[in-house]
Amino acid sequence: MTDSKYFTTTKKGEIFELKAELNSDKKEKKKEAVKKVIASMTVGKDVSALFPDVVNCMQTDNLELKKLVYLYLMNYAKSQPDMAIMAVNTFVKDCEDPNPLIRALAVRTMGCIRVDKITEYLCEPLRKCLKDEDPYVRKTAAVCVAKLHDINAQLVEDQGFLDTLKDLISDSNPMVVANAVAALSEIAESHPSSNLLDLNPQSINKLLTALNECTEWGQIFILDCLANYTPKDDREAQSICERVTPRLSHANSAVVLSAVKVLMKFMEMLSKDLDYYGTLLKKLAPPLVTLLSAEPELQYVALRNINLIVQKRPEILKHEMKVFFVKYNDPIYVKLEKLDIMIRLASQANIAQVLAELKEYATEVDVDFVRKAVRAIGRCAIKVEQSAERCVSTLLDLIQTKVNYVVQEAIVVIKDIFRKYPNKYESVIATLCENLDSLDEPEARAAMIWIVGEYAERIDNADELLESFLEGFHDESTQVQLQLLTGIVKLFLKKPTETQELVQQVLSLATQDSDNPDLRDRGYIYWRLLSTDPVAAKEVVLAEKPLISEETDLIEPTLLDELICYIGTLASVYHKPPSAFVEGGRGVVHKSLPPRTASSESAESPETAPAGAPPGEQPDVIPAQGDLLGDLLNLDLGPPVSSPPLTTSSVQMGAVDLLGGGLDSLIGGTNFVAPPTAAVPASLGAPIGSGLSDLFDLTSGVGTLSGSYVAPKAVWLPAMKAKGLEISGTFTRQVGSISMDLQLTNKALQVMTDFAIQFNRNSFGLAPAAPLQVHAPLSPNQTVEISLPLSTVGSVMKMEPLNNLQVAVKNNIDVFYFSTLYPLHILFVEDGKMDRQMFLATWKDIPNENEAQFQIRDCPLNAEAATSKLQSSNIFTVAKRNVEGQDMLYQSLKLTNGIWVLAELRVQPGNPSCTLSLKCRAPEVSQHVYQAYETILKN
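The structure displayed is predicted, hence computed values, not measured ones. (Residues numbered from 1 in each chain as written. Predicted model: local features only at pLDDT ≥ 70, side-chain atom pairs only at ≥ 80, totals over all residues. Heavy atoms only, no water.)

(A) The overall build of the protein, seen in detail. Regarding its fold elements, the protein presents 39 helices and 13 strands. Evaluated residue by residue, the protein yields a buried proportion of 54% over its 939 residues. In the protein, once contacts between residues fewer than 6 apart in sequence are set aside, the share between residues at least 24 apart is 69%. For the protein, the exposed area adds up to about 42,000 Å²; of that, 51% sits on carbon and sulfur atoms. (Helix = DSSP H or I, 4+ residues; strand = E, 2+ residues; numbered from the N terminus. Buried < 20%, exposed > 50% of the residue type's maximum accessible area, 1.4 Å probe, protein only. Contact = heavy atoms within 4.5 Å. Areas by Shrake-Rupley, 256 points an atom, 1.4 Å probe, with all protein chains shown as cover.)

Put into structure tokens, the structure is as follows:
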């Protein structure tokens, strides 16, 4: 009979019977009793009362019985810690048993008993097992160290187990090596600062040797460890790639993805001119294709990873388009993912094939899939210019099917095609207008209104079409209302005489009858624009639109690089860094691809600005640190701080005809009804005569006092990467206060409001000292200048480079991230002049290895000019002397965090170069102080 019989009994008074059986002299009876105890424990009965009796059964040679007793111990040791100590002697004895299976069993169980009192007794047996002659015992002991570290990290460090674990990486048995790597990786993840896995070419060689012989999970541990190593040059990277490549043909998909991760990471260091680079690209395609023949769930994981790989290196799979064609029985989540990859791989060479396939998908029965397929046709048109005409005719064929949702999606994507290729395909507008009545989705209605407004001069009955939308204005979604308002204003500016009533009607609906602030603000801005300066209104509303880019849904480059380092993990499926979904962020290590070696620099992948870049060359946007998402998405965006109201003009608003005067010139003197007084908000009470200037310049820039050098503003966040918001800026320091001078420009087609800003933790604790105050909504094409005061009391975290600042800016559209380098001289404080004696003593006290020397070239200043320039930026001259015709300036400066930097500047009259020696207790700041010197002296 099987062991299931132990689970069927429901006897009362069982505990006493079991007690008697456990103390029986007969071995078989004892074993039966322990099995019954384990069965009761498994179904949730409390059998902790039998603890001493079960522990007595440990003294046995029978391996099966021992395993059962150990299982019981693991379960109840936590609730009976005092009793569990009774078992310690047996553990110690079992760790010296002649049978390696029993030794390993004992050490494994010890690691699972999470009781502090027992932990210290386990150190000696564990130390012996780590040096056991049997590899099975050693590999079990290696994992036990990681478990023990989790219970009591200090104990493991004091007992020297970590060093023993590092020694096991050189073990002769591959499984021991794999487990040692797994244990060290686990410990290193909970202590990111500790350099436990100190990888060097020798240890990497040992890992690669073990890779061929250990089990599949061992291989995954070793490959993940290799992925964290940065080779010293491209030759080492190539040699590692050559030894990892055979893993691509492994049957286990996790091994394949781990190998792909290592290769993707190290390819970064290989020159694209190498023959091996091309060979490696060819070798990567087949294993990825093979993953797509697995079951759907595995396919989905593979597709999510392939999506990242294709964004990073599309050339790997460019000839494999066919494997991403959708099968009729694919689940919807696989279909949608394949569709996404098809578009990413679409090129002039395969577009005909792709379009034929997409057209087929658009006649499927699954509505979501059909919508996505129609969108995909539009994306192909935008991506591959040569195919645009074919895509448009395909979309027109689909519109002729008169299937409602197909028509609506087609209209949405045709709008984007018009934006990408202006004045090319407008002949199809008539066909679109025929389907106007069937549109019931906000996005499609808004797209159609945009088309009618944008091409009003080509559509004879444009006013009738827009008027038909106006009838149900209040029932429309905000998206449609905003588009309708803009569309009618465009129509009015193109055909002023015929549409006067229509524009009056929409302006009053938007301003008086609507409670949506965005709509009202836009309505008032148009109203005011039209009434004060119709020519300016034309320039603003009918301005040239920026072309839309081909790939709007690409993952940001820095985030993509980080996700490539997480291939084969949850992060690669979510397409988010671990810090975005791992609770508390403990153990989350931020990874990035290795820098390209000099030989492999390529124009295709521009590097972020190096540490020495002048303020103008900004590093690439977006968080390199994953903390950013954790920290910055917790933006504390409370209600905006109320700003002082704009003073109301003495002109009585009721008496002013907002749409009078200015419009007469546009429509030939026809009378225009002014809005009722009640509708005009107080904020519009600026003098009307001031026209656009007061409307668009609500916050004037703050004038700069003479003080430290201020770099010219540079673009920090291009509009392309922030849905139309462009941010330029610079940093200033005046009279002891630091500020970030920002220029925000709205290059989008919608109003931007609700601005807020937050910084990630940084090296000097820079943080906004006040909320970001944009006093009025930022209209399209409007620019506003803001000075944001900064403090240095924020959270501190050492950044790479030291002066890197990561910023999140939020508005009503989205949250955007960028990073910039601030010049260190904004942190030089006003009380940085050191006393002479103190200077001398400190200079001697700082060790010589902390001294750094730099040459400042092309700087033809004499000592006096240099002194005065530097003093204005809080670099103070303590003493000056002349040695053999050379002026020696001894200078001091102090940073906001209290770090002193001492300098010796040698200036030789007539020589355009000077020498700078810096001494500081924190030598990592020297490079940045030198850059500050160079910037100040040369500007």
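Anyway, onward from the coordinates.
(B) View of helix 24 (residues 404-420). If you check helix 24, its first and last C-alpha atoms are 25 Å apart, about what 17 residues at 1.5 Å a residue would give, namely 24 Å. Most of helix 24 is tucked away, with 13 of its 17 residues classed as buried. (Expected span 1.5 Å × (residues − 1).)

(C) Quick look at the sheet that holds strand 5 (residues 767-768). With antiparallel pairing, the five strands of this open sheet are ordered in space as 1-2-3-6-5. Looking at the sheet topology across the chains shown, the edges are occupied by strand 1 (714-717) and strand 5. Bridge count between strand 1 and strand 2 (residues 725-734): three bridges; the pairing is antiparallel. Its bridge partner lying in strand 2, Ala-714 is registered against Gly-729. (Pairing = 2+ DSSP bridges.)

(D) Broad picture of the nonpolar core. Judged by nonpolar contacts, the single largest core of 214 residues is most densely connected at Tyr-72, Val-244 and Phe-418. Both domains that meet at this core, namely domain 1 (346-439) and domain 2 (441-532), each give it at least three residues. Residues in contact with Tyr-72, not counting those within four places in the same chain, are Val-37, Ile-38, Met-41, Val-47, Ser-48, Leu-50, Phe-51 and Val-54. (Core = buried A, V, L, I, M, F, W, Y, C linked by side-chain atoms within 4.5 Å. Domains from an automatic or database assignment.)

(E) Quick look at the sheet that holds strand 11 (residues 886-894). With respect to topology, five strands assemble into an open sheet ordered 9-13-12-11-10, the strand pairing being antiparallel. Of all strands in the sheet, those with a lone pairing partner are strand 9 (851-856) and strand 10 (876-883), marking the two edges. When the angles between neighbouring strand axes are averaged without regard to direction, this sheet yields 20°. Two strands pair when backbone bridges link them, and strand 11 and strand 12 (residues 900-907) are joined in this way by eight bridges, in the antiparallel orientation. For Lys-894, the partnering residue across the bridge sits in strand 12 and is Trp-900. Lying over the sheet, helix 39 (residues 926-938) contacts strand 9, strand 11, strand 12 and strand 13 (914-920), oriented at roughly 25° with respect to strand 9. (Axes fitted to C-alpha atoms, helices over the stretch in contact; angles between N-to-C directions.)

(F) Seen up close, the pairing of strand 13. For strand 13, the buried fraction is high: seven of the seven residues fall into the buried class. What you see with strand 13 is no split at all: Cys-914, Leu-916, Leu-918 and Cys-920 on one side and Thr-915, Ser-917 and Lys-919 on the other are buried throughout. Bridging between strand 12 and strand 13 involves seven bridges; their strand directions are antiparallel. If you follow Val-901 over to strand 13, its bridge partner there is Cys-920.

(G) Just the packing of aromatic side chains, in detail. Counted according to the given criterion, the structure contains 12 aromatic pairs. Measuring from centroid to centroid gives 5.9 Å for Phe-839 and Trp-843, while their planes differ by 20°, and the two rings are stacked. Of this pair, Phe-839 and Trp-843 both sit in helix 37 (residues 836-845), four residues apart, roughly one helical turn. Using a relative accessible area of 6% as the deciding quantity, one classes Phe-839 as buried. You can call Trp-843 buried: its relative accessible area is 18%. (Phe/Tyr/Trp six-rings, centres within 6.5 Å; stacked < 30°, edge-to-face > 60°.)

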